[in-house]
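What the coordinates show
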Amino acid sequence: RAKAEGRNTYRFFEANMGLEAKERRLIEQELRLALARTEIRMVYQPQMQIDTGIITGFEALMRWQNPRLGDVPPTTFIPIAEESGVILQLGEWALFVACQEAASWERPLTVAVNVSAVQLYSHDFPQRVHNALLQTGLQPHRLELEITETSLIKDTNRALVTLRQLKSLGVRIAMDDFGTGYSSLSNVRAFPFDMIKIDRSFIKSVDKNEQAAAIVKAVLGLGRGLGLPVLAEGIETPDELKFLAGELCTAGQGFYLGEPAPMESFRHLIHDRGQIGGEVVPFKRGSAG
Ligand code: C2E
Ligand code: MG
Ligand code: MG
Ligand code: MG
């Protein structure tokens, strides 16, 4: 009964949009105990080459199921975890679990882990990444750290030093949510990124919306010019995928290609041919396959 009440309580929060101080405090309190109570787990979403349908890796995403609050989405609890500092423990745990998971895969695919600005600016972040790699035995190039553009601007000099330290470990760095927040094109060049992830707000209806299409084409041109692969986030329809394939977008991720789920549901894909069904990707260009 407590559980059902909890869920209702959470719906009440959602219905009231912005969380009030009391509600945030409750979430923060529960969040502090969540790891120890094993309420947090990681789910994984496939990332694939658009021209071949071959899975190149998975993004690790955090999920929190609390008996009082129900399923709390990361868009609600991550900001609270950041303000309260709990993100340092959560982020460290996520990094370790994701590396451990990837180290167990039969093929050397990439695991992408989101990094909060709070982690990025903590003094020992590169050391913690190094430790996670050592403890799990994951090869550094198989770890991709997803960093948002917005987190770079708080202190660009420090961010640059940290990103260089991370690169020297051999890990990959992706710019997440590109095009949102305070974007500056020079960031793409000034920081050592290996990949640009176009935010899903630009992918939505990209096949029908001329403005979205113009932005996506511009980002793809930018990636080509700088020699950086571009991944489109949030592909939900075959037409969106078709558009991106036509524009030679490198990689994709989205509900249409695979929703985030426990790794168990994807293990057969890694085991077999690492390809998402032929029907999903009917337009192979035949080059990179
Ligand atoms: P993100 O890093 O941009 O992650 C992608 C988000 O887009 C995920 O939401 C994913 O479920 C969602 N998504 C993927 N494909 C589609 C699609 O086709 N349609 C739609 N509508 N959504 C799609 P999720 O898992 O709710 O996470 C939201 C955000 O929370 C993430 O955005 C990331 O900023 C943050 N987050 C999640 N896990 C972690 C974590 O372990 N650490 C940190 N620091 N942040 C995390
Ligand atoms: Mg991400
Ligand atoms: Mg992110
Ligand atoms: Mg994103």
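What counts and how
Residues numbered from 1 in each chain as written. Chains lettered and ligands numbered in written order. Predicted model: local features only at pLDDT ≥ 70, side-chain atom pairs only at ≥ 80, totals over all residues. Heavy atoms only, no water. Donors = N, O, S within 2.8 Å, 3.2 Å for Na, K, Ca; no water. Helix = DSSP H or I, 4+ residues; strand = E, 2+ residues; numbered from the N terminus. Buried < 20%, exposed > 50% of the residue type's maximum accessible area, 1.4 Å probe, protein only. Near = heavy atom within 4 Å. Polar contact = N/O pair within 3.5 Å; in protein donor to acceptor, adjacent residues only side chain to side chain. Areas by Shrake-Rupley, 256 points an atom, 1.4 Å probe, with all protein chains shown as cover. Nonpolar A, V, L, I, M, F, W, Y, C, P; charged D, E, K, R; others polar. Contact = heavy atoms within 4.5 Å. Phe/Tyr/Trp six-rings, centres within 6.5 Å; stacked < 30°, edge-to-face > 60°. Core = buried A, V, L, I, M, F, W, Y, C linked by side-chain atoms within 4.5 Å.

As annotated in an unreviewed UniProt entry, the protein chain carries the name Bifunctional diguanylate cyclase/phosphodiesterase and is attributed to Phyllobacterium sophorae.

Ligation of the magnesium ion (ligand 3) by protein atoms is provided by Asn114 (OD1) and Asp176 (OD), these donors lying 2.1 to 2.3 Å from the ion. Distance-wise, the magnesium ion (ligand 2) is placed 3.0 Å from the magnesium ion (ligand 3), both being coordinated by Asn114. Within this pair, whereas Asn114 is found in strand E4 (residues 110–114), its partner Asp176 is found in strand E6 (residues 172–178), the two being separated by 62 residues in sequence. Residue Asp176 is classed as buried on the basis of its relative accessible area of 5%.

Looking now at the site of ligand 1. Near ligand 1 there are 22 residues, and of these Arg63, Asn114, Asp176, Glu236 and Phe255 occur at the shortest range. Contact distances for ligand 1 include 2.8 Å between an oxygen atom and a side-chain N or O atom of Asp176. Side-chain polar atom of Arg200 to an oxygen atom of ligand 1: 3.2 Å apart, as the coordinates give it. Isolated, ligand 1 exposes 800 Å² of accessible area, and the fraction of that covered by the protein chains is 85%. Secondary structure elements with two or more residues in the shell around ligand 1: strand E1 (40–49), strand E2 (55–66), helix H3 (74–84) and E6. Classifying every residue of the shell around ligand 1 gives eight nonpolar, six polar and eight charged.

Distance from Asp176 to Ile235, taken between C-alpha atoms, is 15 Å for residues 59 residues apart in sequence. The residues contacting Asp176, other than those within four sequence positions of it, are Glu59, Asn114, Glu146, Ile147, Thr148, Glu149, Lys197 and Glu233.

Moving on, we come to the coordination of the magnesium ion (ligand 2). Coordination of the magnesium ion (ligand 2) by the protein is provided by Glu59 (OE), Asn114 (OD1), Glu146 (OE) and Asp176 (OD), with metal-donor distances spanning 1.9 to 2.3 Å. In terms of primary sequence, the donors binding the magnesium ion (ligand 2) are separated according to E-x54-N-x31-E-x29-D. On the basis of relative accessible area, Asn114 is assigned to the partly exposed category, the value being 30%.

A few words on the packing of aromatic side chains. The full count for this structure, using the stated rule, is four aromatic pairs. Residues Phe58 and Phe266 carry aromatic rings whose centres are separated by 5.3 Å and whose planes lie at 45° to one another, so their mutual orientation is tilted. Taken as a pair, Phe58 in strand E2 and Phe266 in the loop between strand E9 (251–252) and helix H13 (267–271) lie far apart in primary sequence, 208 residues in all. Since its relative accessible area comes to 7%, Phe266 is described here as buried. Taking 6.4 Å as the distance between ring centres and 55° as the angle between the ring planes, the aromatic pair formed by Phe191 and Phe193 counts as tilted. Each member of the pair Phe191 and Phe193 is classed as buried. Feature note: the residues Phe58, Trp105 and Phe266 constitute an aromatic cluster, connected by ring pairs.

With 81 residues, the main nonpolar core has Leu143 and Leu145 as its most contacted residues. Looking at which element gives the most residues to this core, the answer is helix H4 (residues 87–103), with eight residues. Those residues in contact with Leu143 that sit more than four places away from it in its chain are Leu95, Cys99, Val111, Val113, Val129, Leu133, Leu138, Val171 and Arg172.

What follows concerns unusual backbone geometry. A positive phi is found at Ser205, a non-glycine position, where the angle reads about 55°. Position of Ser205 among the secondary structure elements: in the loop between helix H10 (200–203) and helix H11 (210–226). Overall, the relative accessible area of 25% leaves Ser205 in the partly exposed class. Positioned with a positive phi, Leu248 is a non-glycine residue whose angle comes to about 60°. Following the sequence through the fold, Leu248 ends up in the loop between helix H12 (238–246) and E9.

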